[in-house]
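The primary structure of each chain is shown beneath.
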Amino acid sequence: MKTIGVKPDKIQHILITHHDVDNVGSLAFMQKETGAKIWASAGDIPYIYQDISRPGIKRLISFIMRGEKPDKINTYPEDGKLGVDGVQVIPTPGHTPGHLCLLYKDVLLAGDLFRTSHGEITPTKSFMNWDDEVLRSSLELIQDCEFSWVCPAHGKPLK
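Computed from a predicted model, the values in this text were never measured in an experiment.

Participant: Describe the pairing of strand E6 (residues 107-111), and please don't skip the residues or the numbers.
Facilitator: Consecutive residues of a regular strand have side chains that alternate between opposite faces of the sheet. As judged from the three bridges shared by strand E5 (residues 100-104) and E6, these two strands associate in the antiparallel manner. Counted as the bridge partner of Leu 102 is Leu 109 from E6. By the bridge criterion, four bridges tie E6 to strand E9 (residues 149-152) in an arrangement that is parallel. Residue pairing for E9: Leu 108 is matched across the bridge by Val 150.

Here it is as structure tokens:
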């Protein structure tokens, strides 16, 4: 944040797409540094708080990379309207039970719904997903969304 000139107290909201450790491992630190509200899906909050163990290889990863738990996590509204500068919440389960994408203006923040590689969208490896069939339905769902840019958690943004 210092590098780009953003003071921590200017951050008011931290929006989480899913519970994987590489996305939530620093939440407690960020919460303390910024005082921001943290938002996540109801389906993924128990994993973030470690009330439910992550499945498969994610259990091992979360054991190795244990982070401090944040104090309070707010649940995204069910109607998808967050009220944070026009951000729209789109439930896209499959990678995790509560995975979601965030649509901001013409940018889709896709989390781990898929990744990009060599200018192409590629599916997340099956062993990293909670449910591949549900993920395929989520991929179909976002085809109806209008956006110019897609920004996955892994890979480069695509126009």
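Participant: Could you give me a rundown of the packing of aromatic side chains, with the residues and numbers involved?
Facilitator: By the definition in use, this model includes one aromatic pair. Consider the rings of Trp 39 and Tyr 76, whose centres lie 6.3 Å apart with planes at 25 degrees: the pair is stacked. Here Trp 39 is found in strand E2 (residues 37-40), whereas its partner Tyr 76 is found in the loop between strand E3 (73-75) and strand E4 (88-91), with 37 residues between them in sequence. The class for Tyr 76 is buried, based on a relative accessible area of 6%.

Participant: Could you give an account of the sheet that holds strand E1 (residues 13-15), with specific residues and numbers?
Facilitator: Read across the open sheet, the three strands follow the order E1-E2-E3; overall the sheet is parallel. Edge positions in the open sheet fall to E1 and E3, since each of these has one partner strand only. Here the strands of the sheet are splayed against their neighbours by 35 degrees on average, with no regard to which way each runs.

Participant: Kindly report on helix H5 (residues 132-142), identifying the contributing residues and their values.
Facilitator: In an α-helix there are 3.6 residues to a turn, and that puts residues three or four apart on one side. Turning to H5, its buried residues are Leu 135, Ser 138 and Ile 142. The buried side chains of H5 occupy one side of the element, clustering within an arc of 55 degrees when seen end-on. Of the residues flanking the start of H5, the one acting as N-cap is Asp 131, its side-chain oxygen 3.0 Å from the backbone nitrogen of Glu 133.

Participant: Help me get a handle on the sheet that holds E6, residues and values and all.
Facilitator: The sheet built from four strands is open, its strands ordered E4-E5-E6-E9 with mixed pairing. Unpaired on one side and paired on the other, E4 and E9 mark the two borders of the sheet. Neighbouring strand axes in the sheet, compared pairwise and without regard to direction, differ in orientation by 20 degrees on average.

Rules and cut-offs
- Residues numbered from 1 in each chain as written.
- Predicted model: local features only at pLDDT ≥ 70, side-chain atom pairs only at ≥ 80, totals over all residues.
- Heavy atoms only, no water.
- Pairing = 2+ DSSP bridges.
- Helix = DSSP H or I, 4+ residues; strand = E, 2+ residues; numbered from the N terminus.
- Phe/Tyr/Trp six-rings, centres within 6.5 Å; stacked < 30°, edge-to-face > 60°.
- Buried < 20%, exposed > 50% of the residue type's maximum accessible area, 1.4 Å probe, protein only.
- Axes fitted to C-alpha atoms, helices over the stretch in contact; angles between N-to-C directions.
- Arc of directions from axis to C-beta.
- Polar contact = N/O pair within 3.5 Å; in protein donor to acceptor, adjacent residues only side chain to side chain.

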